[in-house]
Amino acid sequence: MKTKTAPLFGFLIACFHALALPAQDTAKPSEAAKKPPTKEILAIVGGDIITVTRERIRGGTILVEGGKITAVGQDVKVPEGATTIDAIGKTVTPGFVAVDVGRMGLATGGGSSSDRNAKVFDTLDPFDRNISLGLGIGITTACVEMRSGGSGFARRGVSDGFPITERFLGFDPDLEENDAIVETAQRDYGPFVSLCKCCGLPIIPTEPIENTPEAPATQQKSVVIKMSYGKLDGMLVGESAFLDMTPGSMSGALGQYSWREQIAKAKKYLLDQAAHEKVIASGKKEQPPRKPVSDEVLRLVKREIPLRIAANTVSDIRDQIQLSKELGYKLVLTGAAEAWVIPDELAEAGTEVVYTPRRRRAPRFGEEQSSGTWIEMSRILEKTGVPFALTALSNAMSLDGIAGRDLSSLPLEAAFAVRGGASEKTALAALTITPAKMLGLEKRIGSIEVGKDADILLLDGNPLDYRTYVETAIVNGRVAYKRAEVRVLPVYSK
Amino acid sequence: MCNLNSLIQRLSTLLVFAILAENQCFAQRSLAIRGAKLETVSKAGTIEDGIILIRDGKIEAIGKEVKIPLAAQVIDAKGKTIMPGIVDPYYVVTVGRDAQSAGETRTIVIRGQTITVPGGSPSSLTSFTKISDSIDLDNIDWKAATRSGITTMQLVVSGYAQSVIVQPTVKSAQIINPDGKLLVSVTNSTQSLDLLRSGLRAPGSSAGGPPGTGSGPPSPGSGFGRPPGGVRPSPQPPSPQPPSPAPPGNPPVAANSSVPSAGPTPPVSPTQKLWTDVREGKSSLFVNLNNAAAILHCVNATKEIKQAKLVFIAAGSDLFEAIRDLDPKTHVAILPPRIDFVPNTRDRINIPKFLSEKEMPFAFSLSLGQSEFRVQLDTPLFAVSSLVYSGLSRQKAFEALTMMPAKLVGVDSEVGSLEVGKKANFLILDGDPFAATTSIQSVFVEGKQIYEN
């Protein structure tokens, strides 16, 4: 028996080999055939590519794979099986980056500060109609403020994790007009007048002025999201790209005192923390130091994020620059109406600016030549090397706001920056790479370069022309908007 | 004597037999309906001019060639159509807790100021209700259900609960299964999603860690992003009594008060058992979603648990938007039967037809989100007929009304189709069920007529 089974066994093994070998051979090509569908390649062919950071490419091709740009150029070959988007006759630009957008892309009510454990990711709403509106004017990434409700209903401040809802209807503490009210009141009653944060009435201090410092300034929260319509993955880019403060929280000697205290506490905490880590590393046990300030303040001190604050008058701007130099943090000024008066001071301090070229502010009486807004601010900032990003007249993503189904869109502001004397290149950068840098995302977005996120716009004309429409918007390598299908903007061909 | 005795004995046995026989006879008195068109919603398909024989509340025979027993009561239903009773998989009711919290207020303290706001505390969202424990069937108006031809329904409440399955009777309703399915309502908020995540997480695994956010927040390269769950430090100097909402992060299982909080070996709470069944794919989880984004979040939160079967209760337009993320293998949709709008447009769309093209299984809930359901309607299937008229296949429409919801609720062995051995729950209609003007003539539950038009 044994002699018989052995050859049979051998035969079986031989059979297995014979079976296995061809099987292996066939497996290889099938795997190779399977590979392309797993990584879809998108090719945008024939467009006039404005890369923003590099030269312009006429009739170029962009390849997109796995949400990233893998090739850009005139002699890029389109691989077989790639999905092709015809961009002949179209202008191709990177997606615009909006640094100041009202609440959008987040579910209403969700993520309210009443729930301390609330995570921003859980409130994302990729089907928000505002996303389509934003894409309609080319915004692919936005720094969205977290406050809920429309303006006038809730104060920006959040006290101890709770929204303050008692407030007079229609009053917005950050409104530009408030400055004028304060100025008038200061003229009438003296320099210690401030605005009530709830009702907007001027507060006239009575003697004696309280000696205790104001409660520490409250900050607003923001979140950076991609306009990836209908897709949750890759939508949330990050939280708190800025430390946002209201100008009121830092005005006056007491406000500034309390701000300095906060920064000092943060610095001390960082030292304590470092010492604590050393102790832990040496194997001893120790209670970690208590965190005296918010994470955002700590990151500000570490120069990871800038402080973003509104300052319009020369004196307010100087105050903020002075504080940022003294305390050693990065500063982004919004509003910045009179920044053109002292551009060298901004450039020297490395301060960046977010402003609206079309916003008007009347000059002060007697200082007509050195106050108020001026159309040529864009030229002056460009010349002095102050980086600036642009924002629309209203940050609400609605009909009359930033999405601009009327004329309030971002590209139009860029056009006005060009009108004021900035180069087209700088104006386009003010919508793309400059804000991307402010958000700390210049390695991912803001230009058309190999390795960056495929956030790409196909436009039917010059991006700075108000007649131009975004035809197609691609976010994270996926078509997220088509004007002809989404129909938030008029559909016709010229 | 002997003879007499035996005679009496014989007589008494005869009597007993006679009583038994009569009883049997009474029980065996069956009902036959003939002449009607039978929509069986089974393999038998449609039977023209068929006979359905009912005994003991069950279907004893069905078909063209059925021998009608002599004793049977016969109903002639020529020109009528008979279809299985409708199963409503999501019949919303209010029970004790909901009714209480409607008038409830809570007090919150903001900067020393006390403010009273309407509504219960946020934690009430995550407290568990077993509906069969707190429902009073006699105090609910079932008229709308019975006249709409609903013969089996899963009663649900919004929030976190275990359903109960009932069937209507002539005056009220009776419970078929007190231990129904697990229900959760999910919005895009951390609180409701955490309920889902913690429930689906296997016990003992990464209990302290933040619930998986899937592929969620991203990009360490971007340089910012707070660690999830990081406690926001209070920059405030000691302030009078920090406002205290409900203690966050309560595990939902703790909400069940019947479970002793301490003990050497805590018994498995009923909710834990329910979640385990869901995790292992033994029972489906009913998730009520109020918008399209919530569907995506829910799919994201349940991505890891491959076996879990999820039933999504959502509006048609939300399903339309989220279709790319839905998996026909593990997801089933429950939606109201109606023509919807394509989101953000005025274009109308037949979502059930769209879903069947995408091979996505779905069931209808006649009661869901339909105001006309509550008012007197002679043609409860009008909405479905408009869907059939605009392209939904008849078979799919029948299935979505009867067999599919029966499967979802777990009563498909008893109801959902006209088959031998199943409960005699059926409707007699005066014409084709999906003709716009057809009305229901009578509704039978377990062979008894509970409604007549």
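Worth saying up front: this structure is predicted, and the values here are computed from it rather than measured. (Residues numbered from 1 in each chain as written. Chains lettered and ligands numbered in written order. Predicted model: local features only at pLDDT ≥ 70, side-chain atom pairs only at ≥ 80, totals over all residues. Heavy atoms only, no water.)

Tallying secondary structure elements over chain B gives twelve helices and 23 strands in all. Relative to its full complement of 453 residues, chain B shows a buried share of 48%. Within chain B, residue pairs in contact and separated by at least 24 positions form 64% of the contacts whose partners lie at least 6 positions apart. Within the structure as shown, chain B displays about 21,900 Å² of accessible surface, and the carbon and sulfur contribution to it stands at 55%. (Helix = DSSP H or I, 4+ residues; strand = E, 2+ residues; numbered from the N terminus. Buried < 20%, exposed > 50% of the residue type's maximum accessible area, 1.4 Å probe, protein only. Contact = heavy atoms within 4.5 Å. Areas by Shrake-Rupley, 256 points an atom, 1.4 Å probe, with all protein chains shown as cover.)

Within chain A, the regular secondary structure consists of 13 helices and 22 strands. Per-residue burial over chain A gives 51% buried out of 494 residues. Across chain A, every contact between residues at least 6 apart in sequence was considered, and the portion connecting residues at least 24 apart equals 64%.

Residue and element names in this part refer to chain A. If you trace the four strands from one edge of the open sheet to the other, you get β6-β7-β13-β14, paired in mixed fashion. In this open sheet, the two strands that pair with only one neighbour each are β6 (96-101) and β14 (236-239). Pairs of neighbouring strands in the sheet enclose a mean axial angle of 15°, with direction left out of account. As paired strands, strand β13 (residues 222-226) and β14 are joined by three bridges and run antiparallel to one another. Bridging across to β14, V223 finds its partner in E239. (Pairing = 2+ DSSP bridges. Axes fitted to C-alpha atoms, helices over the stretch in contact; angles between N-to-C directions.)

This next bit is on the nonpolar core. Core analysis: the largest hydrophobic core is formed by 180 residues, its most contacted members being W259 and L307 of chain A together with L155 and L355 of chain B. With eight residues, helix α7 (residues 292-301) of chain B is the single largest residue contributor to this core. Ignoring sequence-local partners within four residues, the contact set of W259 of chain A consists of L243, M245, M250, L300, L307, L323, L327 and Y329 of chain A. (Core = buried A, V, L, I, M, F, W, Y, C linked by side-chain atoms within 4.5 Å.)

Hydrogen bonds between backbone atoms are what pair the strands of a sheet, whose relative direction is either parallel or antiparallel. Residues and elements named next belong to chain B. Pairing is mixed in the open sheet, where seven strands are placed in the order β9-β11-β14-β15-β16-β17-β20. At either end of the open sheet lies a strand with only one pairing partner, and these are β9 (128-130) and β20 (362-364). Put simply, the sheet's adjacent strands are angled 25° from each other on average, direction ignored. Where strand β17 (residues 331-335) meets β20, three bridges bridge the pair, whose relative direction is parallel. Bridge pairing in β20 places A333 opposite F362. Docked against the sheet, helix α5 (residues 190-200) engages β11 (160-162), β14 (182-186) and β15 (284-289), running at close to 150° with respect to β14. Against the sheet, α7 engages β14, β15, β16 (309-313) and β17, with an angle of about 150° to β15.

A separate point is the packing of α5 of chain B against α7 of chain B. Packed helix pairs are characterised by how far apart their axes lie and by the angle those axes make with each other. All names here are of chain B. Contact pair α5 / α7: the axes reach a minimum separation of 10 Å and the direction vectors enclose 25°. Viewed along their axes, α5 and α7 adopt a mutual orientation that is roughly parallel. The handedness of the crossing between α5 and α7 is right-handed. Contacts from L193, L196 and R197 in α5 reach H297, C298 and A301 in α7. Of the residues that constitute the contact of α5 with α7, the class distribution is four nonpolar, one polar and one charged. (Parallel < 35°, antiparallel > 145°, perpendicular 65-115°, else oblique. Left-handed = near helix turned anticlockwise from the far one by under 90°. Nonpolar A, V, L, I, M, F, W, Y, C, P; charged D, E, K, R; others polar.)

Residues and elements named next belong to chain A. Scored by pLDDT, chain A comes out at a mean of 81, with 77% of its residues at no less than 70. Considering only residues more than four positions removed or in separate chains, one finds that residues 10-37, a stretch of pLDDT under 50, has one contact. Below pLDDT 50 for its whole length, residues 110-114 participates in 14 contacts with residues either more than four positions away or in separate chains. (pLDDT = per-residue confidence, 0-100.)

For the structure on display, the rule yields eleven aromatic pairs over all chains. On the numbers, 5.9 Å between centres and 90° between planes, the contact of F127 of chain A with Y229 of chain A is edge-to-face. Within this pair, whereas F127 of chain A is found in the loop between α2 (120-123) and α3 (129-136), its partner Y229 of chain A is found in the loop between β13 and β14, the two being separated by 102 residues in sequence. Using a relative accessible area of 16% as the deciding quantity, one classes Y229 of chain A as buried. Taken together, the ring pairs in this structure connect F128, Y160 and W275 of chain B into an aromatic cluster. The ring of F341 of chain B carries the charged tip of R346 of chain B above its face, separated from the ring centre by 4.5 Å. (Phe/Tyr/Trp six-rings, centres within 6.5 Å; stacked < 30°, edge-to-face > 60°. Lys NZ or Arg CZ within 6 Å of the ring centre and 35° of its normal.)

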